[in-house]
Amino acid sequence: MRDKAADLAIVSNKTFEASTAVNLHHYDISSALQTSLEFNELISIFCNKIQNTIPHNGVEYINEEFDLEFKRGVMARHSCNYALKVEEQQLGELKLTRSNRFSKDELKMLESLLCCLIYPLRNATLFQQALKMAFTDPLTKTNNRTAFNDCLLREIKRAHRNSQHLSVIFVDVDHFKHINDDYGHACGDLALSSLAGWLKDMVRGSDAVFRYGGEEFVILLSDTDIDGAMVIGERIRADIESHTLAYGMDVLNLTASLGVAALKGSDSPESLIKRADAAMYQAKQRGRNRVEVGY
């Protein structure tokens, strides 16, 4: 009877030690994940921490809300996939891969450890959503002027560092005041949001559209010289003119005046903007619905 009792005590002690080890592993991972609000860093930290417990060769994390796809290592034949969410909030999808199958015990452990990742991912999501709102125009869902100022500075530095071209296009809706006066501000809002959608559809994936203010938009064209910017500007002008806008029983045809400028070696953000803006006003003065260059 004593031997049996001793056995039970030993089993109980082993269970306690295993539970303590798991709890310490959870604490170690949770503590490490408190150091970042960046999705890529969180996934990297998590995978580094579980590597010894659940060996894997490749990692893939996809978050559609933020158009994010992060890959690390070599993607192998066998995988385990998890759609991550908390309280119905989607947090992305995580995939681990390796050349041999994951065991049931490993999957059970992984599912336990994923609990450590959920809330840091939610915090990162809330943080990134707040940033997105701060840099997004609520009406047109394009980047706002603050975002443009930050992005322009980065792109100018990148263009100088890599000896690349950079161009900007200012786009201003023609006779926008008449739209507001004749049809009301709701129609004006519809015109701006529609134009923003057309612009985003027309530009390349490497370009960015911003609402600069009022009825004025600006497009950043990465690695594009003045000739290329003129071609893109003319295509945008013609595309805007070809669209029609239905508002109630009325059909409106919009046009826009565009000003184009390319980065020069001595340019500051302010001087580049000034030339493009001046070219846009020149297009207005020369009859509207046209593209002009700021030299």
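Residues numbered from 1 in each chain as written. Predicted model: local features only at pLDDT ≥ 70, side-chain atom pairs only at ≥ 80, totals over all residues. Heavy atoms only, no water.

J.: Just checking my understanding: could you explain the overall build of the protein chain for this structure?
T.: Within the protein chain, the secondary structure is distributed over eight helices and eleven strands. Expressed as lengths along the three principal axes of its C-alpha atoms, the size of the protein chain is roughly 105 × 50 × 30 Å. Per-residue burial for the protein chain yields a buried fraction of 43% across its 295 residues. In the protein chain, 63% of the contacts between residues at least 6 apart in sequence involve partners at least 24 apart. Carbon and sulfur atoms make up 51% of the accessible area of the protein chain, which amounts to about 16,500 Å² in all. With 34 positive and 40 negative side-chain charges, the protein chain shows a separation of 5 Å between the mean positions of the two kinds. (Helix = DSSP H or I, 4+ residues; strand = E, 2+ residues; numbered from the N terminus. Buried < 20%, exposed > 50% of the residue type's maximum accessible area, 1.4 Å probe, protein only. Contact = heavy atoms within 4.5 Å. Areas by Shrake-Rupley, 256 points an atom, 1.4 Å probe, with all protein chains shown as cover. Lys, Arg positive; Asp, Glu negative; His and termini not counted. Charge placed at Lys NZ, Arg CZ, Asp CG, Glu CD.)

J.: Help me understand the sheet that holds strand β4 (residues 89–98), please; the structure alone is not making it clear to me.
T.: The strands making up a sheet associate through backbone hydrogen bonding, with each pair oriented either parallel or antiparallel. Ordered in space as β2-β1-β4-β3, the four strands form an open sheet in which the pairing is antiparallel. Of all the strands in the sheet, the pair left with one neighbour each is β2 (68–73) and β3 (78–86). Pairwise comparison of adjacent strand axes, ignoring direction, gives a mean angle of 10° for this sheet. Of the strand pairs in this sheet, strand β1 (residues 58–63) and β4 are connected by five bridges, and their pairing is antiparallel. Note on β4: the bridge partner recorded for Ile62 is Glu93. The strands that helix α2 (residues 39–50) touches are β1, β2 and β4; relative to β2, the one it contacts most, it runs at about 30°. Docked against the sheet, helix α3 (residues 104–134) engages β1, β3 and β4, running at close to 45° with respect to β3. (Pairing = 2+ DSSP bridges. Axes fitted to C-alpha atoms, helices over the stretch in contact; angles between N-to-C directions.)

J.: Explain the side chain of His56 to me, please; I cannot follow it from the model alone.
T.: With respect to the helices and strands, the residue His56 is situated in the loop between α2 and β1. Side-chain polar atoms of His56 contact the side chain of Gln51, separated by 3.3 Å. Reaching out from His56, the side chain makes a polar contact with the backbone oxygen of Ile54 at a distance of 2.9 Å. Setting aside chain neighbours within four positions, we find His56 in contact with Cys47, Ile50, Gln51, Leu96, Thr97, Arg98 and Phe102. (Polar contact = N/O pair within 3.5 Å; in protein donor to acceptor, adjacent residues only side chain to side chain.)

J.: Sorry, what's going on with the confidence of the model for the protein chain here?
T.: The predicted coordinates of low-pLDDT regions are not to be read in fine detail. The share of residues in the protein chain with pLDDT of 70 or more is 92%, and the mean pLDDT across the chain is 91. For residues 1–18, every residue scores under 50 in pLDDT, and the model assigns this stretch zero contacts once sequence neighbours within four places are set aside. (pLDDT = per-residue confidence, 0-100.)

J.: Could you clarify how one ought to interpret the nonpolar core in this entry?
T.: Here is a general trend for soluble globular proteins: nonpolar side chains tend to be buried in one another's company. Core analysis: the largest hydrophobic core is formed by 31 residues, its most contacted members being Phe46 and Leu84. Looking at this core, the elements with two or more residues in it are α1 (2–33), α2, β1, β2, β3, β4 and α3. Broken down by element, the residue count for this core peaks at eight residues, all from α3. In contact with Leu84, other than residues within four places in its own chain, are Tyr61, Gln89, Gln90, Leu91, Gly92, Leu94, Leu114, Leu117, Ile118 and Leu121. Leu199, Val209, Phe217 and Ile219 belong to the second largest nonpolar core, which has 29 residues in total. (Core = buried A, V, L, I, M, F, W, Y, C linked by side-chain atoms within 4.5 Å.)

J.: Can you help me understand the pairing of strand β8 (residues 244–247) in this one?
T.: The side chains of a regular strand alternate, first on one face of the sheet and then on the other. Judged from the four bridges that link them, β8 and strand β9 (residues 250–253) form a sheet pairing that is antiparallel. Each residue of the ladder has a partner; that of Leu245, found in β9, is Leu252. Where β8 hands over to β9, the hairpin turn is made up of two residues, of which Gly248 adopts a positive phi near 60°.

J.: What's the story with the state of the cysteines in this structure? I'm lost.
T.: The tally for this structure, following the rule as stated, stands at zero disulfides. For the unlinked cysteine Cys115, the closest cysteine sulfur is that of Cys116, found at 6.9 Å. Of the residues examined, Cys115 reaches a relative accessible area of 51% and is grouped as exposed. With relative accessibility at 6%, the residue Cys116 sits in the buried group. (Disulfide = S-S within 2.5 Å.)

J.: Would you explain the pattern of salt bridges in this entry?
T.: When the charged atoms of two side chains with opposite charge come close together, those side chains can pair. Counted by the stated rule, this structure contains 18 salt bridges. Glu87 is the partner of Arg122 in a salt bridge, and the nearest nitrogen-oxygen pair spans 3.7 Å. Here Glu87 lies in the loop between β3 and β4 and Arg122 lies in helix α3, a separation of 35 residues in the sequence. Look at Arg122 and you get partly exposed, because its relative accessible area is 23%. For Glu87, a relative accessible area of 65% puts it in the exposed group. (Salt bridge = Lys/Arg side-chain N within 4 Å of Asp/Glu carboxyl O.)

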